[in-house]
Protein chains: 2
Amino acid sequence: MNCIQARFASLSLLFMAYLMFSGPAAAADALSSWKDGPTRQAIIDFVEKTTNPQSGDFVPVEDRIATFDNDGTLWVEHPMYTQLAFALDRVKKLAPQHPEWKTTQPFKAVLENDMKTVAASGEKGLLELVMASHAGMSTAEFEAIVKDWLATARDPRFNKPYTELTYLPMVELLEYLRAHDFKTYIVSGGGIEFMRPMTQSVYGIPPEQVIGSSIKTQYEIKDGKPELMRLAEINFIDDKTGKPVGINMYIGKRPIVSFGNSDGDRQMLEWTGAGAGARLMGLVYHDDAEREYAYGPAGGLPNSPFGTFSQSTMDEAKKNGWQIVSMKNDWLRIFAFEE
Amino acid sequence: MNCIQARFASLSLLFMAYLMFSGPAAAADALSSWKDGPTRQAIIDFVEKTTNPQSGDFVPVEDRIATFDNDGTLWVEHPMYTQLAFALDRVKKLAPQHPEWKTTQPFKAVLENDMKTVAASGEKGLLELVMASHAGMSTAEFEAIVKDWLATARDPRFNKPYTELTYLPMVELLEYLRAHDFKTYIVSGGGIEFMRPMTQSVYGIPPEQVIGSSIKTQYEIKDGKPELMRLAEINFIDDKTGKPVGINMYIGKRPIVSFGNSDGDRQMLEWTGAGAGARLMGLVYHDDAEREYAYGPAGGLPNSPFGTFSQSTMDEAKKNGWQIVSMKNDWLRIFAFEE
């Protein structure tokens, strides 16, 4: 190697060093859909102090666990949960094979688009719809059904695939955390097998980092081939007090970052906050009817059966120093498809 | 930078390149406790073809999932499962607070070291012992109890801490796979919270990559602090047909590598083998009474209630091309503490 080659090699080395050490700073710039204000600053301050080895709040890489609710936290949950829209579509598609549904509630109401009667059927009715649409097939078949639906269904207000109704600032936050060696998880009341087909491509979160509600499955040999069949029986409800239970069951570590948006996320944030050392908890607050939706009833916003955010949750958040992420005031852009 | 500095920099670059590209070859040498024979070669061939981008069997990093049973596959399960030894010790320790155990089976038998009567109490009796020793405390308390026991208890034959009774060739295999970007998981019938306190330090496997049996937990606020309390109720049995169910529940992907050692691992290996593309399945065969234990009854070895390996499992293994890992013939060393 002559001296010119050696110089070239040393320049390569400098460039490699640049790539190695410039990551975090570049990632902070990546929160570009967040308004430069106290919420964005609180996030950056937390990440900088927990990832700086010189800081008293430093957290080793293996303990950088961040958990995120999905519906209303990472993507839209109005006018109804995406999974409910899927279940209703699925019931309509299966109706020709179930002539009895024409006269049996809550199926009759679904087929007649009578959403009031569907809602009035309560938890029992919804469970029947979920089981009729989510059970009775193999896990592989269900995955194909969900993928097909996600590829073709459109949200009624924005006329976009549901996978485009993700909040750009939250996707940036996930990427920012991962650029600082956080492991990002979804912890959702939604069905784990409904989310997994899309979380890698949409959020960069692999199936093994998705925690959700589930129905039981059963191992069977069908035509000489092993299958996991989906049974019409609840296995686990990953909501409210179920969220810390699910986190412990799947991860076995306490998160140091948690974001949610509703009463169903309180216990996850409490559990996260109860650990020793620096913590970051946040609640996405839907206060932007113009660009997305506005619902609470916290702060006097209209009530909603999907993603209820009650005043007592707001009070607990303020008492505990949880970040309230105002969609209206903290986010410059909500969706990637916006101008 | 002068020319000498530049040359130094270029040497650093070469060294870095060496570190970057020498990993896999160095890792193959790391299977040094394996005898150079067909089993070791089958492992190396599989890893080389699935990680070589030029190979038709190449598997992308995100799908390199490897699952391992624990008892009898990664560590010793005789004269009884380590967790059972823990449960018996725990019952003895708690006995002063339970005077009624002196006259109630199966506790009486435990306190009298009458293992025949303990065994005769069957599954119901064992469940009572497990619940009495594993439930009724918080997850944090249980973790501390397990850590303390693992630090002090000694195996009766080798007089070593149980965490030293791991199979060196299998630990090398875990490391070899991880050096090739495989994600290694434990999938055990043992209790998930019993294993997690030791898997990182003993196997290099973090808590979130441990799948096991579990009891239910419940979220409670105690003295203003959230706790997960362990209930005397089975949540999930991760054995036999439960293993594919657990793999799907926790990982959501099908493994391409699976190792077990008993009838309880058959369905995990079937499930792994039923996927498309290259697969590696193996069963550790305990045929070395001198250095460890010999039990089957496959191949006419003595029968055992712990880690039963029946002839029909051996027949299925041969039919499906699963590797039979003979402790006697394939392993030069079994334990790290051996000379």
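Residues numbered from 1 in each chain as written. Chains lettered and ligands numbered in written order. Predicted model: local features only at pLDDT ≥ 70, side-chain atom pairs only at ≥ 80, totals over all residues.

Caption draft 1: Focus on the domain arrangement of chain A. All names here are of chain A. Looking at chain A, the domain boundaries give domain 1 (22–78 + 164–330) and domain 2 (82–152). Here the C-alpha centre of domain 2 lies 27 Å away from the C-alpha centre of domain 1. Looking at the side of domain 1 that touches domain 2, the elements with two or more residues in it are strand 2 (183–191), helix 10 (192–203), strand 3 (210–222) and strand 4 (225–236). If you tally residues by element for the side of domain 1 that touches domain 2, the top one is strand 4, at 6 residues. Partitioned by chemical class, the residues of the side of domain 1 that touches domain 2 number 8 nonpolar, 3 polar and 3 charged. (Domains from an automatic or database assignment. Helix = DSSP H or I, 4+ residues; strand = E, 2+ residues; numbered from the N terminus. Nonpolar A, V, L, I, M, F, W, Y, C, P; charged D, E, K, R; others polar.)

Caption draft 2: Seen up close, the environment of Pro244(B). The topology assignment puts Pro244(B) in helix 11 (residues 242–250). Pro244(B) sits in the buried class, given 28 other C-beta atoms within 10 Å. In sequence terms Pro244(B) and Pro255(B) are 11 residues apart; their C-alpha atoms lie 9.7 Å from each other. Once residues lying within four places of it in the same chain are set aside, the contact partners of Pro244(B) are Tyr219(A), Pro226(A), Leu228(A), Gln267(B), Met268(B) and Trp271(B). (Buried ≥ 20, exposed ≤ 12 C-beta atoms within 10 Å, placed from the backbone. Contact = placed C-beta atoms within 7 Å.)

Caption draft 3: Fine view of the sheet that holds strand 7 (residues 323–326) of chain B. Residues and elements named next belong to chain B. If you walk across this open sheet you meet the 7 strands as 4-3-2-1-5-6-7, and the pairing is mixed. Every other strand in the sheet has two partners, leaving strand 4 (225–236) and strand 7 as the edge strands with one partner each. Strand-to-strand, the axes of this sheet are offset by a mean angle of 30°, without reference to chain direction. Across 4 bridges, strand 6 (residues 280–285) lies against strand 7 in parallel orientation. The residue of strand 7 that forms the bridge with tyrosine 285 is serine 326. (Pairing = 2+ DSSP bridges. Axes fitted to C-alpha atoms, helices over the stretch in contact; angles between N-to-C directions.)

Caption draft 4: Fine view of the sheet that holds strand 6 (residues 280–285) of chain A. Residues and elements named next belong to chain A. Here we have 7 strands laid out as an open sheet, ordered 4-3-2-1-5-6-7, and mixed in their pairing. Across the chains shown, the open sheet's two edge strands, defined by having one partner strand only, are strand 4 and strand 7 (323–326). Along the sheet, successive strands turn relative to each other by an average axial angle of 30°, direction set aside.

Caption draft 5: Main features of the environment of Ala232(B). All names here are of chain B. For alanine 232, the position within the fold is in strand 4. Looking at alanine 232, the number of C-beta atoms within 10 Å reads 14, which means it is partly exposed. Along the chain, alanine 232 and alanine 135 lie 97 residues apart, while their C-alpha atoms are 5.3 Å from each other.

Caption draft 6: A look at the packing of helix 4 (residues 82–94) of chain A against helix 7 (residues 122–134) of chain A. All names here are of chain A. At a minimum axis distance of 9 Å, the contact between helix 4 and helix 7 shows a crossing angle of 65°. By crossing handedness, the relation of helix 4 to helix 7 is classed as left-handed. Residue-level inspection shows Ala87, Arg90 and Val91 of helix 4 in contact with helix 7, the latter providing Leu129, Val130, Ala132 and Ser133. Looking at the contact of helix 4 with helix 7 residue by residue, the class counts come to 5 nonpolar, 1 polar and 1 charged. (Left-handed = near helix turned anticlockwise from the far one by under 90°.)

Caption draft 7: Broad picture of unusual backbone geometry. Across the junction of Gln105(A) and Pro106(A), the peptide omega takes the value 0°, indicating a cis bond. Residue placement: Pro106(A) occurs in the loop between helix 4 and helix 5 (107–111). In this structure, Pro297(B) follows Gly296(B) across a cis peptide bond, with omega equal to 20°. With respect to the helices and strands, the residue Pro297(B) is situated in the loop between strand 6 and helix 13 (311–320). Notably, Asp181(A) is not glycine yet its phi reads approximately 65°, a positive angle. Within the secondary structure, Asp181(A) sits in the loop between helix 9 (168–179) and strand 2. One non-glycine residue, Asn159(B), lies in positive phi territory at about 55°. The class of Asn159(B) is exposed, set by 7 C-beta atoms lying within 10 Å.

Caption draft 8: Up close: the environment of Met115(A). Mapped onto the elements of the fold, Met115(A) is located in helix 6 (residues 115–120). The spacing of Met115(A) and Pro305(A) is 190 residues in sequence and 13 Å in space, taken between C-alpha atoms.

Caption draft 9: Helix 3 (residues 38–51) of chain B, seen in detail. All names here are of chain B. If you check helix 3, its first and last C-alpha atoms are 20 Å apart, about what 14 residues at 1.5 Å a residue would give, namely 20 Å. All of the buried residues along helix 3 are Arg40, Ile43, Val47, Thr50 and Thr51. Down the axis of helix 3, the buried set is contained in an arc of 115°. They therefore lie on one face. Turned more than 90 degrees off the buried face of helix 3, the exposed positions are Pro38 and Gln41. Among the structural elements, helix 9 (168–179), strand 6 and helix 14 (327–330) are those in contact with the buried residues of helix 3. (Expected span 1.5 Å × (residues − 1). Arc of directions from axis to C-beta.)

Caption draft 10: Quick peek at helix 10 of chain A. Residue and element names in this part refer to chain A. With 9 of 12 residues buried, helix 10 is to be regarded as a mostly interior element. Every buried residue belonging to helix 10 is among Ile192, Glu193, Phe194, Met195, Arg196, Pro197, Met198, Thr199 and Tyr203, and all of these are buried. Lining the buried residues of helix 10 we find helix 4, helix 8 (139–152), helix 9, strand 2 and strand 3. Taken from the residues just after helix 10, glycine 204 is the one with a positive phi, measuring 70°.

Caption draft 11: Representation of the pairing of strand 1 (residues 65–68) of chain A in the model. Residues and elements named next belong to chain A. Residues Ile65 and Thr67 point to one face of strand 1 and Ala66 and Phe68 to the other, with burial holding for every one of them. Looking at chain direction, strand 1 and strand 2 are connected through 4 bridges and run parallel. Along strand 2, the bridge assignment pairs threonine 67 with tyrosine 185. Sheet topology note: the strand 1/strand 5 (residues 257–260) ladder contains 3 bridges and is parallel.

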